[in-house]
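Coordinate analysis (summary)
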Amino acid sequence: MSDTASWITFGKDRYHQQHEITAWCREYVGHGGWTGDMPTSWEARSWAMYGMFGNITYAFKESKHLTAFLLRWA
């Protein structure tokens, strides 16, 4: 497992999909959710999301999870 995160940021145009995206992450990636910023310690979390002004960043502990996310949502 990697200690560094991989991430993608979506703009306000994807804000309305956050609940659907979050449900997908929970089902296919595992434990995670909202955080205040990029996680400095992942502990039991596999992914995280944080946002500002309608822009939401999804961060993943492992790059394979980012790849699966991009295949579905990008």
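Our structure's up above, just so we're on the same page.
I will try to describe carefully the structure that is included in this document. These numbers were taken from a predicted model, which means no experiment stands behind them. (Residues numbered from 1 in each chain as written. Predicted model: local features only at pLDDT ≥ 70, side-chain atom pairs only at ≥ 80, totals over all residues. Heavy atoms only, no water.)

This part covers the sheet that holds strand S4 (residues 55–60). With respect to topology, four strands assemble into an open sheet ordered S1-S4-S3-S2, the strand pairing being mixed. The open sheet has two edge strands, strand S1 (6–10) and strand S2 (32–34), and neither has a second partner. Here the strands of the sheet are splayed against their neighbours by 15 degrees on average, with no regard to which way each runs. Both S1 and S4 contribute to a ladder of five bridges, which runs antiparallel. (Pairing = 2+ DSSP bridges. Helix = DSSP H or I, 4+ residues; strand = E, 2+ residues; numbered from the N terminus. Axes fitted to C-alpha atoms, helices over the stretch in contact; angles between N-to-C directions.)

Pairing of S2 with strand S3 (residues 47–52) involves three bridges; the strand directions are parallel. The partner of Trp34 across the bridge, within S3, is Met49. Pairing analysis gives six bridges linking S3 to S4, with the strands arranged antiparallel. Following the sheet pairing, Gly51 is matched in S4 by Ile56. With antiparallel pairing between neighbouring strands as the criterion, S3 and S4 make up a hairpin whose turn holds two residues, including Phe53 at a positive phi of roughly 55 degrees.

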